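# What the coordinates show
Residues per chain are reported as follows:
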Amino acid sequence: MCPPRPRLVPVVLALLAVAGCAGGSEETTEIGVDAYNLVIAEFLPPPAGDDEDPPVVFIARLGEEPFELDVQVSMIEAVDETHDLRFVDTVAAAIDDEGAAPRDDGLLLGVGTVAATEPHLVRVEIFTGTDAPTAQLLTLGRQADRWWIEMREPVEPEVLIGDE
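First, a word on what this report is: a plain description of the structure on this page. (Residues numbered from 1 in each chain as written. Predicted model: local features only at pLDDT ≥ 70, side-chain atom pairs only at ≥ 80, totals over all residues. Heavy atoms only, no water.)

### Concerning the environment of Val33
Here is the rule we go by: Strands here mean DSSP runs of E at least two residues long; helices mean DSSP runs of H or I at least four residues long; both are numbered from the N terminus. Any two residues whose heavy atoms approach within 4.5 Å at even a single point are treated as in contact.
Looking at the element boundaries, Val33 is found in helix α2 (residues 33–43). The spatial distance from the C-alpha of Val33 to the C-alpha of Phe67 is 9.8 Å, given a sequence separation of 34 residues. Setting aside residues no more than four positions away along its own chain, Val33 makes contact with Val71, Ser74 and Met75.

Printed below as a string of structure tokens:
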């Protein structure tokens, strides 16, 4: 029978603490409205002419809670001179009939959540009603408070699939 080794317990606990810290070393980033403004701006239609109404763009979250009200206001303010941004809680709120074009000749963007850890991925689904919905997986880069799109990858739509 071996005598107890009291010095071994602190060593094991120290190793477990180091291992736990190493596993959680991914840097998390608070995702602000600037990242979402960048994503939405990437898919906005061209602005209307001087005597025309601005293009309508419906924004729906993909399988998520709606954007918070202050985030919605900031996103609207970022494009209010060129686009009519409208947030909807459901896809049905933007479309009269399933498979039909979005209301008011609009564009429907389904926007996922920007991942808080690298790689900062976000899924966007696009539906105009003239073609089948499309989707892209964006990889965002960030340095300080500046965001940019590093990569775009076409993917299959999962939410805005319409009639098939």
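### Description of the nonpolar core
Basically, it comes down to this: What makes a nonpolar core is a set of buried Ala, Val, Leu, Ile, Met, Phe, Trp, Tyr and Cys residues whose side-chain atoms join them at distances within 4.5 Å. Here's how the labels work: a residue is buried when its accessible area is under 20% of the maximum for its type, exposed when over 50%, partly exposed in between, all with a 1.4 Å probe on protein chains only.
Ile40, Ile59, Leu85, Leu109, Val111 and Leu140 are the most contacted members of the largest nonpolar core, which has 24 residues in total. With five residues, α2 is the largest single contributor of residues to this core. The contacts of Leu109, once residues within four sequence positions are left out, are Ile40, Phe43, Val57, Phe58, Ile59, Ala60, Val124, Glu125 and Ile126. Formed by nine residues, the second largest nonpolar core is a distinct cluster that contains Val88, Leu108, Phe127 and Leu160.

### Things to note about the sheet that holds strand β6 (residues 146–155)
Going by this rule: In this analysis, strands are considered paired if DSSP registers two or more bridges between them. The convention used is that axes are lines fitted to C-alpha atoms, helices contributing only their stretch in contact, and that angles between N-to-C directions extend from 0 to 180 degrees.
The mixed open sheet is built from six strands, whose spatial order is β2-β1-β3-β4-β5-β6. Taken across any chain shown, the strands that pair with only one partner, and hence form the sheet edges, are β2 (84–87) and β6. Between one strand axis and the next, the sheet turns by 30° as a mean value, whatever way the strands run. Here strand β3 (residues 107–111) pairs with strand β4 (residues 120–127) via four bridges, running antiparallel. Its bridge partner lying in β4, Val111 is registered against Val124. Docked against the sheet, α2 engages β1 (56–61), β2, β3, β4, β5 (134–143) and β6, running at close to 50° with respect to β6.

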